Structure formats: C-alpha cells, structure tokens
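This is what each chain is made of:
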Amino acid sequence: MSTIHMHQTTTSTPGQFLAALIDFGPSRSKVFGNSAGNYLKVHCRGPSDADVTEGSGGVWERLHYDWSDPNRVVMKTTDSNIWGGRSSHVYTFTRRTDGTTDVNAVVIREGKNLKGRALGFVLGTVGKPVLERAFKNTIKAIETRNKQEAEGSVPFWT
C-alpha cells in the first residue's frame, strides 16, 4: 500500500476548487488528466455526494465522493480493476490570511491484484513526481478557469 501526500497553494478559493472537483462534465480530463471522457460515468449525484466511475490508460475506479464538509472532499474507491482495500483520495482546503488556499491531497493506493500492487509500489516510490506534476497541472487549470470566469469569458473546457 502506498500513501502519497501532496501540497500546493492556489489563488482559488476552497469553493472554486470544490466546484471544479465535482464538475463531472464531458471535459473533465482538461482539469483532471487521469479522468478520461470514455471512462467517466456518473451513477448518481446528490447535494453533497456522488458515485462516479473514472480513469484513464486502462485503469478505472468507481469512487464515492463526499463533500458534505466544504473544506474536505473524501473520495473512497468502491470498485476498480486494480485498486481495492483502503484506496482513496482526500482533499483538504485551508484558507490563508493572504487570500490564497492551501490544498492538501492524500492519495492511498492499495492494489487488489498483481498489477495494482506493482503500480501502487511504483506510485509510492519513483512515480510520486508524476502524481505531483498532475496535481500542479490541476491547480493551474482551476486557476485558469476561475480567471476566465471572472473576466466573463467562456471556460477553456466548454
């Protein structure tokens, strides 16, 4: 099992980051690179939770999203072709006095088969920079979205 901790500071508010995180529209992959459109399926969505399948590159997982606390989003893996056990993602948002937001992400990967255990090991060791780069790209994409919306232009993924 691998546990990966990531941190970034963003100009986005917790609400803006949350809005992007729970936007399951067809262009989701432009913000979250590991959520390809052909894998994306929203099974159900409520006011503070959703059941969604997403993935890319032959790896998929069904996640239960819970955003009942607007400063913390918990995404638990309920099914996957390679992840099981305690696999999850947790995003925590902390507003700073300078107007920025600290975003902490914890990704737990527990493989349920040989491929999952091998990929989990790689992600927890040499693969962490790949996840960190994807996390930074997500932060930048959300900031771009927010800037475009503030200027009254159409978001880049529509």
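Cut-offs applied
- Residues numbered from 1 in each chain as written.
- Predicted model: local features only at pLDDT ≥ 70, side-chain atom pairs only at ≥ 80, totals over all residues.
- Heavy atoms only, no water.
- Helix = DSSP H or I, 4+ residues; strand = E, 2+ residues; numbered from the N terminus.
- Rg over C-alpha atoms; globule rule 2.2 N^0.38 Å.
- Contact = heavy atoms within 4.5 Å.
- Areas by Shrake-Rupley, 256 points an atom, 1.4 Å probe, with all protein chains shown as cover.
- Pairing = 2+ DSSP bridges.
- Axes fitted to C-alpha atoms, helices over the stretch in contact; angles between N-to-C directions.
- Parallel < 35°, antiparallel > 145°, perpendicular 65-115°, else oblique.
- Nonpolar A, V, L, I, M, F, W, Y, C, P; charged D, E, K, R; others polar.
- Buried < 20%, exposed > 50% of the residue type's maximum accessible area, 1.4 Å probe, protein only.
- Salt bridge = Lys/Arg side-chain N within 4 Å of Asp/Glu carboxyl O.
- 1 Å grid on protein atoms, 1.4 Å probe; cavity = no way out; pocket = protein on both sides within 12 Å on 5 of 7 lines; lining within 4 Å.
- Points joined across faces, edges and corners; volume = space filled by probe spheres on them.

(A) Quick look at the overall build of the protein chain. Along the backbone of the protein chain there are 3 helices and 7 strands. Mapped in sequence order, the helices and strands of the protein chain form the string β-α-β-β-β-β-β-β-α-α. The C-alpha radius of gyration computed for the protein chain amounts to 15 Å, which stays within 12% of the reference 15 Å derived for 158 residues, consistent with globular compactness. Each principal axis of the C-alpha distribution contributes one length, and for the protein chain these read about 50 × 30 × 25 Å. Contacts in the protein chain between residues at least 24 apart in sequence constitute 46% of all its contacts with a sequence separation of at least 6. Surface exposure of the protein chain reaches about 8200 Å², of which carbon and sulfur atoms provide 54%.

(B) Here's a closer look at the sheet that holds strand β7 (residues 101-109). Strand order in this open sheet of 7 strands is β1-β7-β6-β5-β4-β3-β2, and the pairing throughout is antiparallel. Each edge of the sheet is formed by a strand with only one pairing partner; in this case those strands are β1 (2-10) and β2 (41-45). Strand-to-strand twist of the sheet, defined as the mean angle between neighbouring strand axes without regard to direction, takes the value 20°. Note that strand β3 (residues 49-56) and strand β4 (residues 59-69) share 8 bridges and pair antiparallel. By the bridge assignment for β4, aspartate 51 is matched with histidine 64. Contacts between helix α2 (residues 114-124) and the sheet are confined to β1, β4 and β7, with β1 contributing the most and set at about 45° to the helix.

(C) Quick peek at the packing of helix α1 (residues 14-21) against helix α3 (residues 128-150). Where α1 meets α3, the axes come as close as 10 Å, and the angle between the chain directions of the two elements is 105°. Regarding the angle of α1 to α3, the classification is roughly perpendicular. Mapping the contact onto sequence places Gln16, Phe17, Ala19 and Ala20 in α1 and Thr138, Ile139, Ile142, Arg145 and Asn146 in α3. Here the residues of the contact of α1 with α3 sort into 5 nonpolar, 3 polar and 1 charged.

(D) Quick look at the pairing of β1. Residues Ser2, Ile4, Met6, Gln8 and Thr10 point to one face of β1 and are all buried, whereas Thr3, His5, His7 and Thr9, pointing to the other face, are not buried. Relative to β7, β1 runs antiparallel, the two being bridged by 9 bridges. Each residue of the ladder has a partner; that of threonine 9, found in β7, is aspartate 102.

(E) Spotlight on the pattern of salt bridges. Overall, the coordinates contain 10 salt bridges when judged by the stated rule. A salt bridge links lysine 112 to aspartate 79, with the nearest nitrogen and oxygen atoms 3.7 Å apart. Of this pair, lysine 112 sits in the loop between β7 and α2 while aspartate 79 sits in strand β5 (residues 72-80), and the two are 33 residues apart along the sequence. For lysine 112, a relative accessible area of 43% translates into the label partly exposed. A salt bridge links arginine 86 to glutamate 110; the nearest nitrogen and oxygen atoms lie 3.6 Å apart. Taken as a pair, arginine 86 in the loop between β5 and β6 (88-95) and glutamate 110 in the loop between β7 and α2 lie far apart in primary sequence, 24 residues in all. Residue class for arginine 86 comes out exposed when judged on its relative accessible area of 56%.

(F) View of the layout of surface pockets. Taken as a whole, the largest pocket holds about 700 Å³ of empty space. As for the largest pocket, its lining consists of 32 residues, and the residues nearest its centre are Asn34, Ser35, His89, Arg109 and Leu131. Of all the secondary-structure elements, those providing two or more residues to the lining of the largest pocket are β3, β4, β6, β7, α2 and α3. A total of 7 residues in the lining of the largest pocket trace back to one element, the largest contributor, which is α3.

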